[in-house]
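Working through the structure, step by step
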Amino acid sequence: VRLLERIASATFYTVRCRGCDPLLPIRLCIQCMSEITRLNTQDADFQTGLDRLLDWEQAADPRVEAVVREVIAAIRERGDAALLDYTARFDRWTPDSAAALEYSLDSCRQALDRIDAQQAEALQQSAERVRAYAEHQKLESWSYTEVDGTLLGQQVMPMDRVGLYVPGGKAAYPSSVLMNAIPAKVAGVADLIMVVPCPDGVVNDMVLAAASIAGVDRVFAIGGAQAVAALAYGTETIPPVDKIVGPGNAYVATAKRMVFGKVGIDMIAGPSEILVVCDGQTDPDWIAVDLFSQAEHDEDAQSILVSPDGEFLERVMQSITRLLPEMPRAEIIRASLQGQGALIQVRDMDEAIAIANQIAPEHLELSVADPEAVARKIRHAGAIFMGRYTAEVLGDYCAGPNHVLPTSRTARFSSPLGVYDFQKRSSLIHCSAEGASTLGKTAAILAHGEGLTAHARSAEVRIKD
């Protein structure tokens, strides 16, 4: 059924769904959720099933790579002219000149005035909370002086210029503007360049309004791999940046991977994920819509529920079946849950915690009686939402912590985007004469041991007799 649905992108295929008696067009069969994966830790093949569920690898698409290489080469060679060509080709509008690609800061402020008052207030409130949280993340310079007068320390400085990519094709993401731009500004980034694709030459007013609120310095109506290339290498109009952050489609992700090294990047993000650990005492309707909240992103998003209560898992399944038809994006949710989702029964909460640490999810909801105690046992998660009332969606928009999080089990070694991602550290070393002599003796011995005579001599000339 899942295979046929992928084939049926333009045509309705009629097949017999295993969960429904009547013959139905498969793309309309949203009542049936019989194919969602069920796992039980007591089953002999549980680990095999879990490994298969988590086996998502962002394989490089040779066709995408070829297009992106061509785009990057064109931007490097032809600059603004190539940008204009790609804008006409992919976004279906032809600016008079490269200068017309830029939205002025006045136009951003005007957009803030144009949007609905409630939307403006919500953006302001979200920005305030994100900014307040980010202020706690700032790294500060430090140093200490040893007995002989040698100073050692660390100097923390902001990056000079950062590029922010904001998706703008199928939907608008003002929340992404706030989450990426505000930490950069709190870090002290002086020049924040935002790029956003504008199909047919139209940009969303809430995106421009968010840019105004967040303090973005320049905004350009460009997107795709060409925008990433322009930020990395610069054109006559687009200044080159030190780092590129922000989500995008496969072409954007591939371009970010290819320009890494010339510039820094935040991460290569995979599909969105949520893992809910529940003790069985939360309203199953709440859990169902929490799973929907990630599944509606796209068919590759992953929503998993873990509980020691098998009866509760069945009640959640009933809620999913009942509530799904009400969702405007029901087909996407269904495909996501059937393809990537799972209900996992465990022996107890300790085993649930072990499974959560193995999965290392982007978003982890702890819908349990004592979430703080459970959270202390979580080693790997992008963000932890504690308690029955803390829906993950609050973190997407306005709780304060950043919603740019590690996916695809990278929470094992990665962290959420934060102020520290826009700061860099320089080591400080200031030797006194006595310190240079003491350290020089040690350094010379090690240098000779490595066969680096000039290294040793550089240290030895400063050693006191």
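Before reading on, note that the structure itself is shown above.
Reading the values: the criteria
Counting restarts for each chain, with residues numbered from 1 along the sequence as it is written. Per-residue local features are limited, in this predicted model, to residues with pLDDT of at least 70; the limit for side-chain atom pairs, both in listing and counting, is 80 or more; totals at the level of whole chains, interfaces and linings are taken over all residues. To obtain the side-chain values, all non-hydrogen atoms of the structure were used and water was disregarded. Per the convention used, a helix needs a DSSP run of H or I reaching at least four residues, while a strand needs a run of E reaching at least two, with both numbered from the N terminus. By this rule the span expected of a helix is its residue count minus one, scaled by 1.5 Å. Each residue is assigned to one of three classes by its accessible area relative to the maximum for its type, calculated with a 1.4 Å probe on protein chains only: buried under 20%, partly exposed between the two thresholds, exposed over 50%. Taking the helix axis as origin, the arc is that swept by the directions to the C-beta atoms. Residue contacts are counted whenever heavy atoms from the two residues lie within 4.5 Å of one another. Polar contacts, as used here, are pairs of N or O atoms within 3.5 Å; protein pairs need one atom able to donate a hydrogen and one able to accept it. Residues neighboring in sequence count only if both atoms are side-chain atoms. Residues enter a nonpolar core if they are buried and are Ala, Val, Leu, Ile, Met, Phe, Trp, Tyr or Cys, with the set joined through side-chain atoms within 4.5 Å. Geometry of aromatic contacts follows a simple scheme: Phe, Tyr and Trp rings, the Trp one being its six-membered ring, pair when their centres are within 6.5 Å, and the pair is stacked under 30 degrees between planes, edge-to-face over 60, tilted otherwise.

Some details on helix 3 (residues 62-78)
Across its 17 residues, helix 3 extends 24 Å between first and last C-alpha, which sits within 8% of the 24 Å expected from 1.5 Å per residue. Considered for burial, the residues of helix 3 that qualify are V64, V68, V71, I72, A74 and I75. The buried residues of helix 3 all sit within an arc of 160° when viewed along its axis, so they share a single face. Away from its buried face by more than 90 degrees, helix 3 exposes P62, R63, R69, R76 and E77. For helix 3, the elements touching its buried residues are helix 4 (80-90), helix 9 (224-233) and helix 10 (250-259). Measuring from the side-chain oxygen of the N-cap residue of helix 3 to the backbone nitrogen of R63 gives 2.9 Å; that N-cap residue is D61.

Regarding the nonpolar core
Core analysis: the largest hydrophobic core is formed by 74 residues, its most contacted members being V177, M194, V219 and I222. Ranked by residues supplied to this core, first place goes to helix 7 (residues 174-187) with 8 residues. Leaving out residues up to four positions away in the same chain, V177 has contacts with L164, V166, I182, M194, V207, A210, A211 and V216. Core analysis: the next-biggest nonpolar cluster, separate from the first, contains 24 residues, V306, I344, V346 and A352 among them.

Re the packing of aromatic side chains
Counting across every chain of the model gives 3 aromatic pairs. Seen from their ring centres, Y86 and F90 are 5.8 Å apart, and the 5° between their planes marks the pair as stacked. Separated by 4 residues within a single helix, Y86 and F90 lie in helix 4, roughly one turn from each other. With relative accessibility at 7%, the residue Y86 sits in the buried group. Owing to a relative accessible area of 35%, F90 belongs among the partly exposed residues under this scheme.

Digging into the environment of A391
Mapped onto the secondary structure, A391 falls in the loop between strand 16 (383-386) and helix 16 (392-397). Between the C-alpha atoms of A391 and S367, which are 24 residues apart in sequence, the distance is 9.2 Å. Look past the residues within four positions of A391 in its chain and what remains in contact with it is D290, E365 and F385.

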